[in-house]
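An overview of the molecular structure
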Number of protein chains: 2
Amino acid sequence: MDDSPGSAPVHAGVPEHGRVPKYFGVRARLEVLLDELGEDGRLPTERELAESFAVSRETVRQALRDLLIQGRLRRRGRGTVVAGPKLEQPLSLVSYTEGVRRQGRTPGRSLIGLDRLQAGRTLGEQLRIPATAEVWHLERVLLADGERVGLESLYVPTARFPDLGRDFTPDSSFYGYARDRVGERFSTAEERIETVLVTPREAQLIGVPPALPMLLLHRASFDRAGAPIERVRSLFRGDRFSFTTSLSHRDGPW
Amino acid sequence: MDDSPGSAPVHAGVPEHGRVPKYFGVRARLEVLLDELGEDGRLPTERELAESFAVSRETVRQALRDLLIQGRLRRRGRGTVVAGPKLEQPLSLVSYTEGVRRQGRTPGRSLIGLDRLQAGRTLGEQLRIPATAEVWHLERVLLADGERVGLESLYVPTARFPDLGRDFTPDSSFYGYARDRVGERFSTAEERIETVLVTPREAQLIGVPPALPMLLLHRASFDRAGAPIERVRSLFRGDRFSFTTSLSHRDGPW
């Protein structure tokens, strides 16, 4: 799905009341410049921009920061270039691997840890196992074309996946493993998406600044008998990802 | 769907490498306090918190700001209280009205503007009408229990809805109008969700600080012949909303 009218809202940047911060005018002019430069186009320096817009470097910096957070710009080496469109991840039980591949990018995963631990009360209730039962916690950084773009944290009962610690390849698809090695059938899932601020630990692992808004996807998957298989918490860079879904009238009251 | 293990990730707040900002420790202690206080519980003042944690008021303020942005806290009068859970908006062609009602809240809309304007090139292509053709632009603030929580911007060809300016009730459901008054059948929709920073104008209309991350939902709807009916851009407060979806194996490769 391409950009909606959001890209050119009618009154955008024209508050009816009140004062517009100066950097916002600069941001609007920069957006025009980005369109002219096109993807991978290199931006002039802060100093050059400040001169050409006749504003302070701090004002330019504030506008650039917004555009970086929104994913319109990217740092490259010591410069700044116009970013390509965000990756679109389908909400359709397609795995991360498959979603990224469909957009012509190379997916990857890098292992942070695979640990056995006690479920505890909350996770135990979610997975319908005793609080004292064990779960695997698999944590991996998500990569696209080698760049760190997210962090996936998966919890499954060890009773369902007793050999995970031994025969699972850490950079492979967990769903592929569950299907092919364990014969586990995922039947349904509930997903919830929200926007959160990254924690310092997550920021370090993904390599993003702490103030960056992230998209957090919670997933609970169930087998054909309705029993919970896993709980997953996947964090995606808000400046790199969007989520898409296709709906038809069977989904709603139309 | 309740909180996933994300609410108690195993290593949360324990970076393996590097320095943890001091306010993050305060934030973690505040989170424990919020759980103890429960929804609507009133927080001690900044000064009291600074004393009890033995940190500066600026450090407390930074931690509180994070928790406000994340929707864990809300301002009430001159104080700060523990927020309830985020509203869950289903991704299922259920209208905003219906989604909010299901959670026992009262939905509402307040009209910002209903204007006729030229589609222009991008919107014209999206709606498959000439760039010079006219569209309605309907812009409304979304309310939940009287509180402003979002901003909806809808574009439809005037040719499809010639009388919208005359017989549409501005605070009612557009889908209800389209179905009951115009006999328009929505068949499918494509949705895309991303996180964005609010613009100053939007911040004023919704009444949020400019740095607040928002969830932006783009929607394109089509009739049974596959012709585009509308383009919608809905902005939701990131501290108040999450989006949910239910998937089954027919949606994916399982």
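As a reminder, the structure under discussion sits directly above these lines.
Note that this is a predicted model, so its numbers are computed, not measured.

Quick look at the overall build of chain A now. The secondary structure content of chain A amounts to eight helices and ten strands. Counting across all 254 residues of chain A, residues that qualify as buried make up 55%. Counting contacts in chain A only where the partners sit at least 6 residues apart, residues at least 24 apart contribute 57% of the total.

It is worth spelling out the packing of helix H1 (residues 22–37) of chain A against helix H3 (residues 57–69) of chain A at this point. All names here are of chain A. Interaxial distance between H1 and H3 falls to 8 Å at its minimum, and their mutual angle equals 60 degrees. In this view, H1 runs oblique relative to H3, as classed from their interaxial angle. The two elements H1 and H3 meet at a crossing, and its hand is right-handed. Residues Lys22, Tyr23, Val26, Arg27, Leu30, Glu31 and Leu34 of H1 pack against Thr59, Val60, Gln62, Ala63, Leu64, Asp66 and Leu67 of H3. Residue composition of the contact of H1 with H3, grouped by class: eight nonpolar, two polar and four charged.

Positionally, B:Gly104 belongs in the loop between helix H4 (96–101) and strand S4 (107–118). In sequence terms B:Gly104 and B:Asp145 are 41 residues apart; their C-alpha atoms lie 9.5 Å from each other.

Residues and elements named next belong to chain A. Within the element layout of this structure, Thr97 appears in helix H4 (residues 96–101). A polar contact of 3.0 Å, which involves the side chain of Thr97, links it to the side chain of Arg109. Those residues in contact with Thr97 that lie beyond four places of it in its chain are Pro107, Arg109 and Ser173.

For the rest of this paragraph, the subject is the sheet that holds strand S6 (residues 147–157) of chain B. Working definition: the strands of a sheet are paired by backbone hydrogen bonds and lie parallel or antiparallel to each other. Judged by pairing direction, the sheet is mixed, and its eight strands sit side by side in the order S3(A)-S10(A)-S7(B)-S8(B)-S9(B)-S6(B)-S5(B)-S4(B) without closing on themselves. With one partner strand each, in any of the chains shown, strand S3 (87–90) of chain A together with S4 of chain B form the two edges of the open sheet. On average, each strand axis in the sheet is inclined to that of its neighbour by 20 degrees, with strand direction left out of account. Both strand S10 (residues 241–248) of chain A and strand S7 (residues 188–197) of chain B contribute to a ladder of six bridges, which runs antiparallel. Note on S7(B): the bridge partner recorded for A:Ser248 is B:Thr188.

With that out of the way, let us pick up the nonpolar core. If you look at the biggest cluster of nonpolar residues, it comprises 26 residues, and the most contacted ones within it are A:Tyr96, A:Phe236, B:Tyr96 and B:Phe236. Sorting the residues of this core by element identifies H4, strand S5 (134–144), strand S8 (213–222) and S10 of chain A together with H4, strand S5 (134–144), strand S8 (213–222) and strand S10 (241–248) of chain B as the ones contributing at least two each. Filtering out sequence-adjacent residues up to four positions away, B:Tyr96 remains in contact with B:Gln89, B:Pro107, B:Gly108, B:Arg109, B:Leu142, B:Leu143, B:Ala144, B:Val149, B:Phe236 and B:Phe241.

As a further point, take the sheet that holds S10(B). If you trace the eight strands from one edge of the open sheet to the other, you get S4(A)-S5(A)-S6(A)-S9(A)-S8(A)-S7(A)-S10(B)-S3(B), paired in mixed fashion. Two strands lie at the open edges of the sheet, namely strand S4 (107–118) of chain A together with strand S3 (87–90) of chain B, each paired on one side alone. The average angle at which neighbouring strand axes cross in this sheet is 20 degrees, direction not considered. Inspection of the sheet shows strand S6 (residues 147–157) of chain A paired to strand S9 (residues 228–237) of chain A by six bridges, in the antiparallel sense.

Residue and element names in this part refer to chain A. In terms of burial, S9 is a largely internal element, ten of the ten residues being buried. Two elements, S8 and S9, share nine bridges in a ladder whose sense is antiparallel. Along S9, the bridge assignment pairs Leu216 with Leu235. Between S8 and S9, which pair antiparallel in sequence order, lie five residues; one of them, Gly226, sits at a positive phi of approximately 85 degrees.

Before going further, it helps to examine unusual backbone geometry. Not every positive phi belongs to a glycine, and A:Ala54 is a case in point at roughly 55 degrees. Mapped onto the secondary structure, A:Ala54 falls in the loop between helix H2 (46–53) and H3. Phi angles above zero are rare outside glycine, and B:Arg128 is one such case at about 50 degrees.

This part takes up the packing of aromatic side chains. Applying the stated criterion to the full structure yields 20 aromatic pairs over all chains. Plain terms: the ring middles of A:Phe168 and A:Phe174 are 6.2 Å apart, the flat faces sit at 75 degrees to each other, and that makes the pair edge-to-face. Here A:Phe174 falls in the buried class, since its relative accessible area comes to 1%. Their ring planes at 35 degrees and their centres at 6.3 Å tell us that B:Phe174 and B:Tyr177 sit as a pair that is tilted. Placement of the pair is B:Phe174 and B:Tyr177 together in helix H7 (residues 174–180), with a separation of three residues, close to one helical turn. If you follow A:Arg116 out to its NZ or CZ, it ends over the ring of A:Trp136, 4.8 Å from the centre.

Before going further, it helps to spend a moment on the environment of A:Phe243. Secondary-structure assignment places A:Phe243 in strand S10. With 157 residues separating them along the chain, A:Phe243 and A:Lys86 place their C-alpha atoms 9.6 Å apart. Once you skip the residues sitting within four places of it in the chain, A:Phe243 turns out to touch A:Gln89, A:Leu91, A:Ile193, A:Leu215, A:Leu217, A:Phe236, B:Glu191, B:Arg192 and B:Ile193.

This part covers the pattern of salt bridges. Evaluation of the coordinates by the stated rule reveals 60 salt bridges over all chains. Salt-bridge contacts for B:Arg140 lead to B:Glu152; the nearest nitrogen and oxygen are separated by 3.3 Å. In this pair, B:Arg140 is assigned in strand S5 and B:Glu152 in strand S6, connecting sequence segments twelve residues apart. Taken individually, B:Arg140 and B:Glu152 each receive the classification buried, so the pair is uniform in this respect. One salt bridge in this structure joins B:Asp180 and B:Arg179, with 3.1 Å as the shortest N-O distance. B:Arg179 gets classed as partly exposed once you look at its relative accessible area, which sits at 37%. Connected through salt bridges with shared partners, the residues A:Glu46, A:Arg57, A:Glu58, A:Arg61 and A:Arg65 form a single ionic network.

Reading guide: rules and limits
- Residues numbered from 1 in each chain as written.
- Chains lettered and ligands numbered in written order.
- Predicted model: local features only at pLDDT ≥ 70, side-chain atom pairs only at ≥ 80, totals over all residues.
- Heavy atoms only, no water.
- Helix = DSSP H or I, 4+ residues; strand = E, 2+ residues; numbered from the N terminus.
- Buried < 20%, exposed > 50% of the residue type's maximum accessible area, 1.4 Å probe, protein only.
- Contact = heavy atoms within 4.5 Å.
- Axes fitted to C-alpha atoms, helices over the stretch in contact; angles between N-to-C directions.
- Parallel < 35°, antiparallel > 145°, perpendicular 65-115°, else oblique.
- Left-handed = near helix turned anticlockwise from the far one by under 90°.
- Nonpolar A, V, L, I, M, F, W, Y, C, P; charged D, E, K, R; others polar.
- Polar contact = N/O pair within 3.5 Å; in protein donor to acceptor, adjacent residues only side chain to side chain.
- Pairing = 2+ DSSP bridges.
- Core = buried A, V, L, I, M, F, W, Y, C linked by side-chain atoms within 4.5 Å.
- Phe/Tyr/Trp six-rings, centres within 6.5 Å; stacked < 30°, edge-to-face > 60°.
- Lys NZ or Arg CZ within 6 Å of the ring centre and 35° of its normal.
- Salt bridge = Lys/Arg side-chain N within 4 Å of Asp/Glu carboxyl O.

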